[in-house]
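Residue strings, one per chain:
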Amino acid sequence: MSTTAENTAASGATGVAPEVRDAILNVSERARKARGELATARRSRKDETLLGMAGALVANAPAILTANRRDVEDGRAKGTSEAMLDRLGLDEKRIGALAAALEELAALPDPVGNVVRGRDLPNGLHMTQLRVPLGVVGAIYEARPNVTVDIAGLALKSGNAVILRGGSAARHTNTVLIQILREQALAHGFDADIVQGIDELGRDGATALMSERGSVDVLVPRGGRELIQSVVDHARVPVIETGEGNVHLYIDASAPVEMAVDIALNAKTQRVSVCNSAETLLIHAGAEEAGREVLRALSRAGVFLHVDEGARAWLPAAAEGSAQDATDEDWATEYLALEMAVKTVNSLDEAMDHIRRWSTGHTEAIVTNDLAHADRFVAEIDSAAVIVNASTRFTDGGQLGLGAEVGISTQKMHARGPMGLEELTTTKWVLRGQGQIRP
């Protein structure tokens, strides 16, 4: 029995049928074989493949949309939430955006082979630390067909093979997308197995993938709290957590009213189903005008407000029917909907204390004209992204020039924040000498 097979047999994938374990073992071994050539491929070849994938997505938009409508209709019939349906749904504009993300990736520098640091040692050895691919990346996510394209593109450019488990909710869409990506990989001379999907193997397939230590190098879960925690609890493969986003926006006493309104509206309503939309609004008690205007604007936009006593006093009369008293549960909730928790605070310190208690470490923002307060907020808030006087919606790979993202990591080891090309690499130390031996 091979080492990989031994790892799988000892994996503890309890209750998984042997044929599913064998299928995942086969997929992972094919991925490891396929990524050998990709890991050393020239940038020009990888970029041409990405551009081919982008063009094929646009050319095959009708087939993608047909499959996607089937997934959305099935989801609606099963009572899937509107937030999840929004993540699941594609249209021509979103397909165009997926293609554009691949084109942006093609234009970005290739991290593979970059020298992180290097120097000549006193003994004459020349030392370099190089960026190299992680190897085989597994991704487990749900109802996000855009993730299928984003991760496959990032993996290709960074020299990694990828195994995708996109969940039953997007199965038809992902099947079509993966077929298109594989066809383009093959058309450009790569092994099609640099991109593989395992949705047909169901939850048992995901469980077996989590156990494939030794042939899968890293696993990235992307989704809600339950999915991420399940992977973290059960995986034997190293995991990079992409956490949920209980995102805070703090309006300081000095915040310009118009800026506060614009940022709050964008952070909450520009797209509610994503992890960097704002979920809790903190307003300084001295920012009464800004508070009243922001709450009025949110109410007009259809946002249901969970308010404390101070914020309730600022509600416009028309909003009384679309608000209720906030509880501790609200401070902990990632709504992913047109809902928002609102709390008044008496100081920057009180705002930061609230964030420290309830934050998931994703993104926090402050609106202020006080430079000292901005600097303290940046220095003292320990989240993956901290924003001053801008919407929380900018914590996004595409917005930050990364082309796309695998996810937004809320952990502190290896990668933190939006994970782009460099975050899908590790390093290798290379020593070159002329016969040196250690005394």
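From a predicted model like this one, the values you see are computed outputs, not experimental measurements.

### Here we look at the overall build of the protein
Within the protein, the regular secondary structure consists of 16 helices and 16 strands. A globule of 439 residues ought to have a C-alpha radius of gyration of about 22 Å, and the protein, at 24 Å, matches this closely. A principal-axis box enclosing the C-alpha atoms of the protein has dimensions of 75 × 65 × 45 Å. Buried positions account for 53% of the 439 residues belonging to the protein. The contacts in the protein between residues at least 6 apart in sequence include a share of 73% that link residues at least 24 apart. Taken as a whole, the protein presents about 19000 Å² of accessible surface, with 49% of it coming from carbon and sulfur. When the 45 basic and 60 acidic side-chain charges of the protein are each reduced to a single mean position, those positions are 6 Å apart.

### Some points on the sheet that holds strand β8 (residues 278-284)
Backbone hydrogen bonds hold the strands of a sheet together, and the pairing may be parallel or antiparallel. Spatially, seven strands are ordered β10-β9-β11-β8-β7-β12-β13 in an open sheet, and the strand pairing comes out parallel. On the outer flanks of this sheet lie β10 (323-325) and β13 (385-388), each paired with one strand and no other. In this sheet, adjacent strand axes meet at a mean angle of 20° when their direction is disregarded. Both β8 and strand β11 (residues 339-345) contribute to a ladder of five bridges, which runs parallel. Looking across to β11, one finds that leucine 282 is bridged to lysine 343. Contacting β7 (247-251), β12 (363-367) and β13, helix α16 (residues 371-380) crosses the sheet at an angle of about 170° to β13.

### Notes on helix α11 (residues 257-269)
The end-to-end C-alpha separation of α11 is 18 Å, in line with the 18 Å expected for 13 residues at 1.5 Å each. Taken together, the buried positions of α11 are occupied by Ala260, Val261, Ile263, Ala264, Ala267 and Lys268. Where α11 is buried, its residues contact β7, β8, α12 (288-300), β11 and β12.

### Focus: the packing of helix α3 (residues 43-59) against helix α4 (residues 61-77)
Two elements in contact, α3 and α4, have axes separated by 5 Å at closest approach and are oriented at 65°. Judged by the inter-axis angle, α3 sits roughly perpendicular to α4. Contact residues: Leu57, Val58 and Ala59 in α3; Ala61, Pro62 and Ile64 in α4. Its residues placed into classes, the contact of α3 with α4 shows six nonpolar, no polar and no charged.

### Some points on the sheet that holds strand β3 (residues 136-141)
Strand order in this open sheet of four strands is β5-β4-β3-β6, and the pairing throughout is parallel. Whereas interior strands pair on both sides, the edge strands pair on one side only; in this sheet they are β5 (195-197) and β6 (218-222). Each strand of the sheet is rotated relative to its neighbour by a mean of 20°, with strand direction disregarded. Inspection of the sheet shows β3 paired to strand β4 (residues 161-165) by five bridges, in the parallel sense. Looking across to β4, one finds that valine 137 is bridged to valine 162. Set on the sheet, helix α2 (residues 18-39) makes contact with β3, β4 and β5; between it and β4 the angle comes to about 145°.

### Quick notes on the nonpolar core
Ranked by internal contacts, the top residues of the largest apolar core, which has 52 residues, are Leu57, Ile64, Leu102, Leu105, Leu164 and Ile194. Beyond its immediate chain neighbours, meaning those up to four positions away, leucine 102 contacts Leu50, Met53, Ala54, Leu57, Val149 and Gly153. Listed in part, the 30 residues of the second largest apolar core include Leu249, Ile283, Ala319 and Ile387.

### Remarks on the packing of α4 against helix α8 (residues 171-187)
The description of two helices packed together rests on the angle between their axes and the distance between the axes. As a packed pair, α4 and α8 sit with axes 7 Å apart at the nearest point and diverge in direction by 160°. With respect to α8, the element α4 is oriented roughly antiparallel. For the pair α4 and α8, contact is made by Ala63, Ile64, Ala67, Asn68, Arg70, Asp71 and Asp74 and by Arg171, His172, Thr173, Val176, Leu177 and Ile180, respectively. Partitioning the contact of α4 with α8 into residue classes produces six nonpolar, three polar and four charged.

### Structural notes on unusual backbone geometry
Non-glycine residue leucine 336 carries a positive phi angle of around 55°. As for its position among the elements, leucine 336 is in the loop between α14 (328-331) and β11. The exposure class of leucine 336 is buried, given its relative accessible area of 16%. Phi is positive for asparagine 389, which is not a glycine, with a value near 55°. By secondary structure assignment, the location of asparagine 389 is in the loop between β13 and β14 (408-409).

### Quick look at the pattern of salt bridges
Under the criterion given, the structure shown has 22 salt bridges. Between aspartate 382 and arginine 416 there is a salt bridge whose closest N-O contact spans 2.9 Å. Placement of aspartate 382 in the loop between α16 and β13 and of arginine 416 in the loop between β14 and β15 (417-418) is noted, with a sequence separation of 34 residues between them. Overall, the relative accessible area of 46% leaves aspartate 382 in the partly exposed class. Judged by its relative accessible area of 32%, arginine 416 is partly exposed. Connected through salt bridges with shared partners, the residues Asp349, Asp353, Arg356, Arg376 and Glu380 form a single ionic network.

### Some words on the side chain of threonine 173
Mapped onto the elements of the fold, threonine 173 is located in helix α8. On the accessibility criterion, threonine 173 (0% relative accessible area) is buried. Polar contacts involving the side chain of threonine 173 include one to the side chain of aspartate 71, which spans 2.6 Å. Each residue touching threonine 173, except ones within four places of it in the same chain, is listed here: Ile64, Ala67, Asn68, Asp71, Leu90 and Pro145.

### Observations concerning the pairing of β6
Most of β6 is tucked away, with five of its five residues classed as buried. By the alternation rule, side chains of β6 split into Val218, Val220 and Arg222 and Leu219 and Pro221, which are all buried. Two strands pair when backbone bridges link them, and β3 and β6 are joined in this way by five bridges, in the parallel orientation. When the sheet's bridge partners are listed, tyrosine 141 is paired in β6 with arginine 222.

How each quantity is defined
Residues numbered from 1 in each chain as written. Predicted model: local features only at pLDDT ≥ 70, side-chain atom pairs only at ≥ 80, totals over all residues. Heavy atoms only, no water. Helix = DSSP H or I, 4+ residues; strand = E, 2+ residues; numbered from the N terminus. Rg over C-alpha atoms; globule rule 2.2 N^0.38 Å. Buried < 20%, exposed > 50% of the residue type's maximum accessible area, 1.4 Å probe, protein only. Contact = heavy atoms within 4.5 Å. Areas by Shrake-Rupley, 256 points an atom, 1.4 Å probe, with all protein chains shown as cover. Lys, Arg positive; Asp, Glu negative; His and termini not counted. Charge placed at Lys NZ, Arg CZ, Asp CG, Glu CD. Pairing = 2+ DSSP bridges. Axes fitted to C-alpha atoms, helices over the stretch in contact; angles between N-to-C directions. Expected span 1.5 Å × (residues − 1). Parallel < 35°, antiparallel > 145°, perpendicular 65-115°, else oblique. Nonpolar A, V, L, I, M, F, W, Y, C, P; charged D, E, K, R; others polar. Core = buried A, V, L, I, M, F, W, Y, C linked by side-chain atoms within 4.5 Å. Salt bridge = Lys/Arg side-chain N within 4 Å of Asp/Glu carboxyl O. Polar contact = N/O pair within 3.5 Å; in protein donor to acceptor, adjacent residues only side chain to side chain.

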